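One letter stands for each residue in the lines below.
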Amino acid sequence: MIDLWIFGFSALTVAATLGLGFWSAGKSKTTADFFVAGRSVSVGWNASAISGEYLSAASFMGVAGMVMKFGYDALWYPVCYACGYLFLLLFISGPLRRFGAYTIPDFAEGRYDSPLFRKIAVVFVLFIGFFYTMPQMKGAGTAFSYIFPGLPYWAGVLLIGGVVTLNVAVGGMKGITLVQAFQYWLKMLAISVPVFVLMAVHGSYGAHLGSNDAAAYPPEMRRALPEKAPADAKWIAPFGPLTTRAAAAAGLSEEQQRPYSLLYTYSLIIALVCGTAGLPHILVRFYTNPDGTAAKKTTMWVMILIGVFYLFPPIFGVLGRDLFPELYAAAGAKGTDKVVLELPRLLNIRHQPYGSILSGLACAGAFAAFMSTFSGLLVSMTGALAHDVYGRMLKPSATEAERLRAFKVSAVLVGAVAIALGMRVEELDINFMVGQAFAIAAASYFPLLFMSIWWRGMTMKGAAAGMLGGGLSALASVTLTSFSDLKLLPLGPFWAGHPLLRILCEQPAIWTVPLAIVTMVIVSKATRSEIPADIRDKMLVFHAPERLGLKKEYVREHQGPKPA
Amino acid sequence: MLESPGMKTGKLDLEKLMRRQLELSISCAAAFLSVLLLLPLANYIFPEAMARRVGGFTLTWLILGLLFFPLVWAIAWLFIRKSIELEAED
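The model shown is predicted, which means the values in this text are computed figures rather than measured ones. (Residues numbered from 1 in each chain as written. Chains lettered and ligands numbered in written order. Predicted model: local features only at pLDDT ≥ 70, side-chain atom pairs only at ≥ 80, totals over all residues. Heavy atoms only, no water.)

**A look at the overall build of chain A**
The number of helices and strands found in chain A is 25 helices and zero strands. A globule of 564 residues ought to have a C-alpha radius of gyration of about 24 Å, and chain A, at 24 Å, matches this closely. Overall, the C-alpha framework of chain A stretches about 80 × 55 × 45 Å when taken along its three principal axes. Taken across its 564 residues, chain A has 64% of its residues classed as buried. Long-range pairs, those at least 24 residues apart, make up 84% of the contacts in chain A between residues at least 6 apart in sequence. With 45 positive and 32 negative side-chain charges, chain A shows a spacing of 7 Å between the two charge centroids. (Helix = DSSP H or I, 4+ residues; strand = E, 2+ residues; numbered from the N terminus. Rg over C-alpha atoms; globule rule 2.2 N^0.38 Å. Buried < 20%, exposed > 50% of the residue type's maximum accessible area, 1.4 Å probe, protein only. Contact = heavy atoms within 4.5 Å. Lys, Arg positive; Asp, Glu negative; His and termini not counted. Charge placed at Lys NZ, Arg CZ, Asp CG, Glu CD.)

**Section: the overall build of chain B**
On a plain count of helices and strands, chain B comes out with three helices and two strands. Secondary structure elements in chain B, listed N-terminal to C-terminal, are α-α-β-β-α. Looking at chain B as a whole, 42% of its 90 residues are labelled buried. Contacts in chain B between residues far apart in sequence, at least 24 positions, make up 60% of those at least 6 positions apart. Looking at chain B as shown, the accessible area adds up to about 4,900 Å², and 69% of this sits on carbon and sulfur atoms. (Areas by Shrake-Rupley, 256 points an atom, 1.4 Å probe, with all protein chains shown as cover.)

**Structural notes on helix α11 (residues 241-249) of chain A**
What α11(A) keeps buried is the set A:Leu242, A:Thr243, A:Thr244, A:Ala246 and A:Ala247. The inward-facing, buried residues of α11(A) contact α4 (57-70), α5 (76-99), α12 (254-276) and α23 (499-506) of chain A.

**Some words on the environment of A:Tyr112**
Residues and elements named next belong to chain A. Within the secondary structure, Tyr 112 is located in helix α6 (residues 104-112). Placed 351 residues apart in sequence, Tyr 112 and Ala 463 show a C-alpha to C-alpha distance of 9.0 Å. Filtering out sequence-adjacent residues up to four positions away, Tyr 112 remains in contact with Phe 117, Ser 452, Met 458, Thr 459, Met 460, Ala 463 and Pro 532. Looking at Tyr 112, its side chain comes within polar contact range of the side chain of Ser 452, at 2.7 Å. (Polar contact = N/O pair within 3.5 Å; in protein donor to acceptor, adjacent residues only side chain to side chain.)

**Brief notes about a nonpolar patch on the surface**
On the surface, A:Leu480, A:Phe483, A:Leu486, A:Leu488 and A:Leu489 cluster together into a nonpolar patch covering about 420 Å² of accessible area. Position of A:Leu480 relative to the elements: it lies in helix α21 (residues 460-485). (Patch = residues over 30% accessible without salt bridge, like charges linked within 9 Å, V, L, I, M, F, W, Y side chains within 5 Å. Salt bridge = Lys/Arg side-chain N within 4 Å of Asp/Glu carboxyl O.)

**What to know about the packing of aromatic side chains**
Residues and elements named next belong to chain A. Taken as a whole and assessed by the stated rule, the structure comprises 29 aromatic pairs over all chains. Pairing Phe 367 with Phe 370 gives two aromatic rings, centres 6.1 Å apart and planes at 70°, and the pair type is edge-to-face. Here Phe 370 and Phe 367 lie together in helix α18 (residues 354-394), a separation of three residues that amounts to about one turn. On the accessibility criterion, Phe 367 (2% relative accessible area) is buried. (Phe/Tyr/Trp six-rings, centres within 6.5 Å; stacked < 30°, edge-to-face > 60°.)

**As for the interface of chain B and chain A**
Listed per partner, the contact involves 49 residues of chain B and 58 residues of chain A. Between chain B and chain A lies a buried interface of about 5,000 Å² when both sides are counted; carbon and sulfur atoms form 77% of it. For the pair chain B and chain A, the interface holds zero salt bridges. Linking chain B with chain A are eight residue pairs in polar contact (both at pLDDT 80 or more), by the criterion used here. No other element matches helix α1 (residues 10-45) of chain B, which puts 20 residues into the side of chain B that touches chain A. (Buried area = accessible area lost by both parts, 1.4 Å probe.)

**Some words on the environment of A:Leu489**
With respect to the helices, strands and loops of the structure, A:Leu489 is situated in the loop between α21 and α22 (492-497). Not counting chain neighbours up to four residues away, the residues in contact with A:Leu489 comprise A:Leu480, A:Phe483 and A:Ser484.

Put into structure tokens, the structure is as follows:
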């Protein structure tokens with residue numbers, strides 16, 4: 001039975017996305033419009049668009065589901081997702097914008113004068129990008145089959161993937177900026193309004209969190225915790241089931257488990273904070289700012305916008321545990337991951353049809369979440385193909401018209417591959433896939449950017465060795481974990497004997513990030529003679545104020561000779 | 001490729017600017033990291049104190065789930081103001 005409210009809101013979101021996309025596509029004409037939105041997006045629009053792009057399916061549905069399932073430990077996710085931005089602001093966003101490179105590959109080549117390094121970086125952008133599109137596609141597919149119970153999983157993947165690909169192909173970066181800004185505010189509305197209404201009807205955040213607290217409520221006033229919900233001891237306190245899984249599987253006592261949990265927590269924090277600072281689709285957005293100061297101001301606003309957003313999903317998790325414990329019975333997308341969409345329906349019991357209306361609003365927010373993150377990823381991957389592979393490697397002499405066509409063809413190509421991949425990942429967990437993408441980005445891009453911007457002694461070989469070493473060891477260890485979880489490798493007994501190794505493989509950032517940085521330093525010292533000769537000039541471009549006019553733009557309106 | 005009148009004389013100034021920008025970034029990062037990294041440690045060492053109830057919340061939930069965000073905003077705001085000031089000075 002299809003709920004008309006849910007159907008109506010979702011259809012409206014998709015229609016508004018397409019409509020806005022086509023409307024602003026009419027104003028995208030030049031290559032710079034397509035790649036960097038004419039490099040003229042104002043702070044307010046850009047901050048809303050980055051936030052819209054950043055709040056993915058994992059943030060909108062996954063965080064609430066994880067808090068509901070795991071309790072306190074899952075709070076690290078929203079906090080670190082938001083705080084990773086601070087690292088971007090402190091160390092990366094301003095210099096990167098000043099450097100004027102459009103893509104990470106541009107940056108890689110510009111900093112090290114090495115076309116080879118550009119190729120390595122292109123491969124990495126596409127790889128992390130596809131890794132991160134898979135969970136978005138999976139979210140779209142599962143939400144779709146929730147709204148239309150009869151329809152298959154692949155229909156949602158196809159619809160959302162198709163709409164976004166069309167949007168990016170016709171409007172490029174400028175076309176999606178407006179759409180993503182709209183989608184941020186839709187998501188904000190969709191997560192906050194149901195929370196306020198639910199709290200007004202069913203009691204506040206603190207009341208639900210403390211409803212089983214013996215000291216605050218005498219037994220006769222205390223609400224009995226639903227049978228299926230996890231008890232306070234394991235849920236509300238730190239070091240719960242999320243971080244102790246490996247140690248618990250090894251059969252350690254509770255006291256023995258605690259150091260392992262602490263280690264897991266630290267590794268998770270490093271992965272999330274450094275991973276945020278290294279996701280290519282977020283970095284690309286800084287180039288749409290007019291200058292480095294605007295880039296910094298944008299980051300500040302992004303932090304406020306996503307920080308306010310992230311206050312809400314944990315509230316859904318807390319309310320869900322008390323009010324809707326039925327969700328604990330099923331797993332993944334049919335279980336707690338659905339809490340944001342399902343919880344508002346409780347209002348229907350007393351206040352028909354407001355529960356359906358709010359649930360419809362939440363579904364609209366979920367659709368906005370899949371679409372905006374996917375469109376950001378699509379633009380950054382399309383940029384890598386059209387700008388780096390076609391415009392720089394295959395045909396550097398291409399005209400403006402050819403570059404535009406290359407952008408559109410690449411968008412369709414990347415979109416098609418992402419849809420095909422998305423159809424194959426129905427079995428995997430959304431948060432798990434996002435976590436892997438973060439772990440890899442944290443150990444490759446973040447060390448690369450941080451060290452390249454702040455250490456003049458870096459050489460191309462040091463950068464490449466560190467990025468590949470860190471990224472590949474993160475990839476290898478998370479792959480090992482997922483293969484054994486999917487029962488493709490019989491490692492269960494081994495993990496039970498070695499909980500420490502299990503944690504280091506499942507959550508590798510605590511050793512892969514230092515590994516990448518140490519490799520960079522050692523290899524760079526060994527190849528000291530290869531430090532680019534004009535390193536001082538490059539550092540000046542990174543760090544000198546813009547008004548000196550030193551930067552070189554990598555995406556230009558005209559490809560003619562540059563004025564001296 | 002990069003020629004500007006200030007290039008040669010600007011060498012020393014750049015080093016100064018870079019060092020001061022980096023110092024600013026590092027001190028802001030240190031303020032942020034010390035809270036972020038000490039919280040799990042506090043949970044580990046003082047489980048009872050961190051589980052004290054404040055209006056239904058446990059103390060540690062209140063810090064991580066609510067109070068952490070304003071702290072980060074304050075650090076970011078301070079950083080941007082100082083960083084723009086630094087650039088304007090040189």
